[in-house]
Amino acid sequence: MTVRTDHDTVFLEGDCGVEDAENLASALMAAASARVDLSSCRQLHSAVVQALLTFQPSLDGSPGDSFLNGFVLPALERAAAGTGIPSSPEQTPNTPLLELPE
Amino acid sequence: MDELLAQFLIEGPDLVQQGSDALLALERRPDDRTLMDDAFRAIHTLKGSVGLFNFPAMAATLHAAEDVLSAVRSGVRAPDRTTIDALLSVLTQTERWLSQLEAGGGLADDAGDIARRLAEQLNASAAAPTQAVLSGVLPEWAMALRHVNPSSGALTAIRYTPFDGAYFSGDDPVNLMKAMPGLLDIRLGLRPTEAGAPYDPFACRLIIEAVATGTAAEAKSVFRLVSDQVEIAVLPATEAKVPDRVGEAEGQGVIRTLRIDAGRVERLASLVDDLVTARTALTSLSSLATTGLDPSAVAQALTAQSEGLDRLVSQMHQQVMALRMTSVAPLLRRFPRVARELAGSLGKDIDFVVEDNGVEADKKVIEGLFEPLTHLIRNAIDHGVEAPQARERAGKARKGAIRLTANAVAGQLELTLEDDGAGIDPAAIRVAARARGLLSAAALGSLDDAGAIDLIFMAGFSTARAVTDVSGRGVGMDAVKTAVQSLGGRIVLDSTPGLGTTVHLRLPLSLTLTKVLIVVSDREPYGVPMDSVLETLLVPADAVTVIRSGRAFNWRDQTVPLLSLGSLVGRDAETSDADLKVLVIRVGPDLVGVTVDAIQDRADVAVRPLDGLLAGMPGVSGTTLLGDGRVLMILDPEALVG
């Protein structure tokens, strides 16, 4: 179990694989104000990164992995601040349309 | 040194040579599959060997070259000029790296930069779209990346847009970025989805952009499995970099190891066996002497033994000298590549032919020739061979022809470098010499054309109007002459304006025994090679005529100038009221008398070329050890008097 929810915080722990993307997405959709804690996370699969990019929760903690900490987190933060890859005009990535498949 | 590395350093240069030979031939016969295979095999083996050590820049460069060659083999890419150029540059650099490793201490700090530049050069000669990117037409996304990464060096920009089904096919696009060498930055974005569609956590919508210091070739290799989803662009350096000078820092040592025919070692071993036997005989002889044997019998036996030893020692000397004899072919074979690179950088086209004629010479002589020959070839290409248009106007073939030939002539190594270029114009030389104040107008006027051409050997002479990158950077023909002389050689230049220039180098084939005459001046002994001494005489003091500041005497109805060895070598001149001891010496076509204090023995000596601090000392061709341990300087009369 690498996605654990405690109150309003989702903890991503250890190696988060592609299968964790679904759990994370549902957790983030369930609580719009949820925070995500990455302090004990070692690796994030692209699908998980994509979920974080899509729902843009507040991120807490700094993972020990240098790639995560040095490249992925800053990229997520910049995307949240609107200085990531500019989106095309017709694109509305920040307002995800949610309806989770059960 | 690590044994594997030592082995690699022996094989590496051979592989580089094999690769370049094949590539140069491939340019002439682009359809020859064997040549492609040969070049591929050489580079592949080099790459494989480098992989055993931790030289990432070298490995990456050779890897990129191997990729290009395999594209050539599979017909994806043509072995055109740019491709061959790029591959040859890789080999030239590999050779430089090998000599850096040989010198110890690993690759130089700029290895990464060089590797990047080479990889770009390999890419630049690839497909046209890449070429467009390289020539500055950057896609918008790449421009944006350049903007946020204002580093000065060249960077590689990557934009990866994975397919929707990427996660299902097991791809992990974000983490693939980890593999990119020299990663500097990542940017993330999302592709738009259809409005109203629910979020599908397993449909990949990522866009990943990255900037790295790794090369485009490295990026291609990292993303080779998803190449259809990745765009790669080279962000040019913000400050243009000055490329390395062609051929610089190359080939201080050519042949560092010596490979010896096993038969020669066998012969040496058997000579050493004989030597051991001779020593045993001597020991028994000395014990005989102590038993009070008749002294004359002992003396006789000793003489016989000593003769036997003499014979053995001289045979061993011959054999050991023979060990040092190596073929000139590897030296000469290096030049077509150097020449091609130079010609390319000067926009000239040349045909470079090398003939080694199976000549062998002393390792030391061969090692010392790389630099002077490189310089002469530079000159031939830069100043000799005209630009293609000028050649056409002069009714010559567009391609210049340069031929480098080695021959063994009368116990000497003769190297001839011929070009069919513009030749040397004696009038231009006179003008230049006058302008540089090397000689007075009167002195210049008295020079014939050959003498004028010889002026280019004077220090400080250079007629190149502009200092080019290739030659004309202060190291002139005087340096070439000094280098050749320090090997005991001579250089002669022969030029016909409009038709070309021929340079003849004559060097000793080997540094075997030389007969010298030992003379003394100011209490110091010197060796004068016997072959330059015509006669030794006693000249009565009153037979010497004083002519202005000089002296002369009459020898066989010729007036011969008389010089003093002491003053020539910068010590005190001989002072004698009695008869003068004079050596008559041949200097080129002229004769000179040289006074000495005493004439001692003749001796057979093994002349060692000067090295270390003494290297380049004028007028001295080498040294040898005398029987009493003193060092005897062997004079080079021609250099000393001239």
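Here the structure is shown first, and the text comes after it.
Residues numbered from 1 in each chain as written. Chains lettered and ligands numbered in written order. Predicted model: local features only at pLDDT ≥ 70, side-chain atom pairs only at ≥ 80, totals over all residues. Heavy atoms only, no water.

**A closer look at the overall build of chain B**
Turning to step 1, where the next piece is worked out: Of regular secondary structure, chain B possesses 21 helices and 22 strands.
Turning to step 2, where the next piece is worked out: Counting only residues that meet the buried cut, chain B has 45% of its 642 residues in that class.
Turning to step 3, where the next piece is worked out: Within chain B, counting contacts between residues at least 6 apart in sequence, those at least 24 apart form 69% of the total.
Turning to step 4, where the next piece is worked out: If you sum the accessible surface of chain B, you get close to 30,900 Å²; carbon and sulfur atoms cover 54% of it. (Helix = DSSP H or I, 4+ residues; strand = E, 2+ residues; numbered from the N terminus. Buried < 20%, exposed > 50% of the residue type's maximum accessible area, 1.4 Å probe, protein only. Contact = heavy atoms within 4.5 Å. Areas by Shrake-Rupley, 256 points an atom, 1.4 Å probe, with all protein chains shown as cover.)

**With respect to the overall build of chain A**
Turning to step 1, where the next piece is worked out: Along the backbone of chain A there are 3 helices and 6 strands.
Turning to step 2, where the next piece is worked out: Out of the 102 residues in chain A, the part that is buried amounts to 46%.
Turning to step 3, where the next piece is worked out: A separation of at least 24 residues holds for 57% of the contacts in chain A among residues at least 6 apart in sequence.
Turning to step 4, where the next piece is worked out: Surface accessibility of chain A: about 5,000 Å² in total, with carbon and sulfur atoms responsible for 49%.

**Quick notes on the state of the cysteines**
All names here are of chain A.
Turning to step 1, where the next piece is worked out: Considering all chains together, one arrives at 0 disulfides over all chains under this definition.
Turning to step 2, where the next piece is worked out: In this structure C16 is not part of a disulfide, and its nearest cysteine sulfur, from C41, lies 4.5 Å away.
Turning to step 3, where the next piece is worked out: With a relative accessible area of 3%, C16 lands in the buried category.
Turning to step 4, where the next piece is worked out: Taking relative accessible area as the criterion, C41 reaches 2% and is therefore assigned buried. (Disulfide = S-S within 2.5 Å.)

**A closer look at the sheet that holds strand β6 (residues 58-60) of chain A**
Backbone hydrogen bonds are what pair the strands of a sheet, in a parallel or an antiparallel way.
Residue and element names in this part refer to chain A.
Turning to step 1, where the next piece is worked out: Sheet architecture is open: 4 strands sit in the order β1-β2-β4-β6, paired in mixed fashion. The sheet is open, and its two edges are formed by β1 (3-6) and β6, each paired on a single side. Taking the axes of each pair of neighbouring strands and ignoring which way they run, one obtains an average angle of 25° across the sheet.
Turning to step 2, where the next piece is worked out: Here 3 bridges tie strand β4 (residues 35-37) to β6, and the two strands are oriented parallel to one another. Directly across from R35, in β6, lies its bridge partner S58. (Pairing = 2+ DSSP bridges. Axes fitted to C-alpha atoms, helices over the stretch in contact; angles between N-to-C directions.)

**Here we look at the interface of chain B and chain A**
Turning to step 1, where the next piece is worked out: Opposite the 35 residues of chain B that make contact, chain A presents 32 residues.
Turning to step 2, where the next piece is worked out: When chain B packs against chain A, the two sides together hide about 2,800 Å² of surface, and 64% of this comes from carbon and sulfur.
Turning to step 3, where the next piece is worked out: Of all residues in chain B, the largest losses of buried area upon contact with chain A belong to B:L188, B:L190 and B:Y199, amounting jointly to 29% of the total for that side.
Turning to step 4, where the next piece is worked out: Counting every contact that joins chain B to chain A gives 1 salt bridge.
Turning to step 5, where the next piece is worked out: Among the secondary structure elements, those contributing two or more residues to the side of chain B that touches chain A are α8 (173-176), β2 (183-190) and β3 (206-212) of chain B.
Turning to step 6, where the next piece is worked out: No other element matches β2(B), which puts 8 residues into the side of chain B that touches chain A.
Turning to step 7, where the next piece is worked out: Counted by class, the side of chain B that touches chain A contains 21 nonpolar, 3 polar and 11 charged residues. (Buried area = accessible area lost by both parts, 1.4 Å probe. Salt bridge = Lys/Arg side-chain N within 4 Å of Asp/Glu carboxyl O. Nonpolar A, V, L, I, M, F, W, Y, C, P; charged D, E, K, R; others polar.)

**Section: helix α14 (residues 363-384) of chain B**
Residue and element names in this part refer to chain B.
Turning to step 1, where the next piece is worked out: Over its 22 residues, α14 extends 30 Å from the first C-alpha to the last, a length consistent with the 32 Å expected when each residue adds 1.5 Å.
Turning to step 2, where the next piece is worked out: Maximum bend of α14: about 35°, positioned at F370, with proline P372 one to four residues after it.
Turning to step 3, where the next piece is worked out: Of all 22 residues in α14, 17 are buried, a share of seventy percent or more. (Expected span 1.5 Å × (residues − 1). Bend = angle between axes of the 7 residues up to and from the residue.)

**Structural notes on the sheet that holds strand β6 (residues 350-355) of chain B**
All names here are of chain B.
Turning to step 1, where the next piece is worked out: Taken together, 5 strands build an open sheet; the order of strands is β6-β8-β9-β11-β10 and the sheet is mixed. At either margin of the open sheet sits one strand with a lone partner, and together these are β6 and β10 (490-496). Here the average twist between neighbouring strands, direction ignored, is 10°.
Turning to step 2, where the next piece is worked out: One ladder, built from 8 bridges, connects strand β8 (residues 400-409) with strand β9 (residues 412-419); its direction is antiparallel. Following the sheet pairing, I402 is matched in β9 by D419.
Turning to step 3, where the next piece is worked out: Its contacts with the sheet place α14 against β6, β8, β9, β10 and β11 (500-508), and it is angled at close to 15° to β9.

**Observations concerning the environment of A:S39**
Residue and element names in this part refer to chain A.
Turning to step 1, where the next piece is worked out: Inspection of the secondary structure puts S39 in the loop between β4 and β5 (41-44).
Turning to step 2, where the next piece is worked out: On a C-alpha basis, the gap between S39 and G61 in space is 4.3 Å, while along the polypeptide they are 22 residues apart.
Turning to step 3, where the next piece is worked out: Ignoring any residue separated from it by four or fewer positions in sequence, one finds S39 in contact with D60, G61, S62, P63 and G64.
Turning to step 4, where the next piece is worked out: Within the local environment of S39, its side chain forms a polar contact with the side chain of D37, the two groups lying 2.4 Å apart. (Polar contact = N/O pair within 3.5 Å; in protein donor to acceptor, adjacent residues only side chain to side chain.)

Taken by themselves, the reported measurements are silent on function.
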